[in-house]
Amino acid sequence: MPQTAPVPTVTTQATPSQRPHRAARIEDRWRAVVSRLQKARGWRPRVEPFAGYGSPRRVRVLGRVLLASPAFDPALHERESADRRGWRYFFTAPAPREEVRVHVGDVTVDLVSDRGGYLDATIDVALTPGWHDVTFRPSSGAVAKGRVFVVADGRRLGVVSDIDDTAMVTAVPRPLIAAWNTFVRHSSARVPVPGMAALYRGIATERPGTPFVYVSTGAWNTAANLRRFLQRHGFPPGPLLLTDWGPTNTGWFRSGPEHKDTALERLFRELPDVDWLLIGDDGQHDPEIYARAARRFPDHVAAVAIRELTPAQQVLAHGSPLPAPGSLPGEVGTGVPTAFGPDGDALTRALARALRR
């Protein structure tokens, strides 16, 4: 394989434990059996790219390697998956330990997918601000094109947004409602929170070059669906930072708050010039998570905006008409400007007042 000079630095995501949890080991053995059977039938690796982000000198590239049948047609798959029921996104075959050549800018690196088929690496580059193409070439199979957003140097505003019940009406914490929304409803039937897209577009218009990052505890399997939802309803494009449902190196399931804590801390570290506006809702743990981030990293949090659910939405979200504990107005209490409102229009006005103060 050709080498570039100098050899770029590549850092892959570290795992908290070297020995996987027993459930993860059982899942790995099952995946290995399924993978062998599928490859024997002619299935080959394909890469599903996810949008990445970074600075002019270092970017984070994301993707997942899956196995596809010999009849797989990327264009046909994109058309057919544009309005399918949610459960169909979860019928995928991850391809662990597959070699993938990644090209971004003038740099070429070789990566290996992890136990879930994921690619997550930071690469030294020399890129201008804005969107850039990323090429993923598996050892066998079709080439895939992804993107990475490069944030310009210098102080600037950035937006971190939750998705469930912040951008999209979801009622995620209620298992039966969440299951219906996630697995049964067609993707085109999902409803945006009123005014939120307009709020985000207003920020993007007033402050060109603002990075938007959407952080959610949703599964990576739904990334394409979420990306289409955000695009269809006029939200600014940006990387999605999701999770992998199922066993991990440390237990049966991932912690949602821990995932968001880790994602925020990594953004603060990798993009130190950005002052982040953290936007979420009071139906889950967002106020608590954002308050913790503001206390730990006050120099990186410009403001916090919390969408207030109605009593009926609170009941659907967690079974009580009252907001989740720690999410009442004033309870964020970090000293950073904080705004509350039931929708995007109200949050726009509340943010303007909070930032003036």
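Here, every reference points to the structure presented above.
Every value quoted in this text rests on a predicted model; they were computed, and no experiment measured them.

Thresholds applied
Residues numbered from 1 in each chain as written. Predicted model: local features only at pLDDT ≥ 70, side-chain atom pairs only at ≥ 80, totals over all residues. Heavy atoms only, no water. Helix = DSSP H or I, 4+ residues; strand = E, 2+ residues; numbered from the N terminus. Buried < 20%, exposed > 50% of the residue type's maximum accessible area, 1.4 Å probe, protein only. Core = buried A, V, L, I, M, F, W, Y, C linked by side-chain atoms within 4.5 Å. Contact = heavy atoms within 4.5 Å. Axes fitted to C-alpha atoms, helices over the stretch in contact; angles between N-to-C directions. Left-handed = near helix turned anticlockwise from the far one by under 90°. Nonpolar A, V, L, I, M, F, W, Y, C, P; charged D, E, K, R; others polar. Pairing = 2+ DSSP bridges. Phe/Tyr/Trp six-rings, centres within 6.5 Å; stacked < 30°, edge-to-face > 60°. Lys NZ or Arg CZ within 6 Å of the ring centre and 35° of its normal.

Trainee: Would you mind going over unusual backbone geometry with me for this structure?
Mentor: Unusually for a residue other than glycine, Arg97 sits at a positive phi of about 55°. The topology assignment puts Arg97 in the loop between helix H2 (74-80) and strand E4 (99-104). A residue is classified by how much of its surface remains accessible, and Arg97, at 58% relative accessible area, is exposed. Backbone geometry at Asp165 places phi at a positive 65°, although glycine is not the residue there. Take Asp165: it is sitting in the loop between strand E9 (156-161) and helix H3 (175-184). Overall, the relative accessible area of 4% leaves Asp165 in the buried class.

Trainee: Even after reading the chapter, I still don't get the nonpolar core, so can you show me in this structure?
Mentor: It is characteristic of soluble globular proteins that their nonpolar side chains tend to be buried jointly. Counting 57 residues, the largest nonpolar core has Phe235, Trp276, Leu277 and Leu278 as its most contacted members. Not counting residues within four places of it along the chain, the set of residues in contact with Leu277 comprises Leu157, Gly158, Val159, Val160, Ile203, Ala303, Val304, Ala305 and Leu351. Within the second largest apolar cluster, 23 residues are counted, among which are Ala95, Leu111, Val125 and Ala144.

Trainee: Quick question: what am I supposed to make of the packing of helix H6 (residues 256-270) against helix H7 (residues 286-296) here?
Mentor: When two helices pack together, their arrangement is given by the angle between their axes and by how far apart the axes lie. Taken N-terminus to C-terminus, the directions of H6 and H7 make an angle of 35°; their axes are 10 Å apart at the nearest point. Here H6 and H7 pass one another in a crossing that is right-handed. Residues Pro257, Lys260, Asp261, Leu264, Glu265 and Phe268 of H6 lie in contact with H7, whose contacting residues are Asp286, Ile289, Tyr290, Arg292, Ala293 and Arg296. Its residues assigned to classes, the contact of H6 with H7 comprises 6 nonpolar, no polar and 6 charged.

Trainee: What's the story with the sheet that holds strand E14 (residues 338-341) in this structure? I'm lost.
Mentor: Strands sit in the order E11-E10-E9-E12-E13-E14 across an open sheet of 6 strands; the sheet is parallel. Each edge of the open sheet is held by one strand with a lone partner, namely strand E11 (240-243) and E14. For this sheet, the mean inter-axis angle between neighbouring strands, taken without regard to orientation, is 15°. Across 3 bridges, strand E10 (residues 212-219) lies against E11 in parallel orientation. Within E11, the position partnered with Ala219 by the bridge is Thr243. Of the strands in this sheet, E10 and E11 are in contact with helix H5 (residues 223-232), which crosses E11 at around 145°. Contacts from helix H9 (residues 344-356) reach strand E12 (274-281), strand E13 (301-307) and E14, with the element oriented near 155° to E14.

Trainee: Looking at this model, I keep getting lost on H5. Mind explaining?
Mentor: What sets the pattern is the α-helix's 3.6 residues per turn: residues three or four places apart point alike. With 7 of 10 residues buried, H5 lies mostly within the body of the structure. Within H5, the full set of buried residues consists of Ala223, Ala224, Asn225, Leu226, Arg228, Phe229 and Leu230. Phi turns positive, to about 80°, at Gly234, one or two residues after H5.

Trainee: Help me understand the packing of aromatic side chains, please; the structure alone is not making it clear to me.
Mentor: Each aromatic ring pair is characterised by the separation of its centres together with the angle its planes make. Under the definition given, this model contains 6 aromatic pairs. Look at Phe50 and Trp220: their rings are 4.3 Å apart centre to centre, the planes differ by 20°, and that puts the pair in the stacked class. Of this pair, Phe50 sits in strand E2 (residues 44-54) while Trp220 sits in the loop between E10 and H5; the two residues are 170 residues apart in sequence, bridging distant segments of the chain. One exposure class covers both Phe50 and Trp220, and it is buried. Each member of the aromatic cluster is reached from another via a ring pair, and the members are Tyr200, Phe212, Phe229 and Phe235. The ring of Trp131 is capped by Arg147, whose NZ or CZ atom sits 3.9 Å from the centre of that ring.

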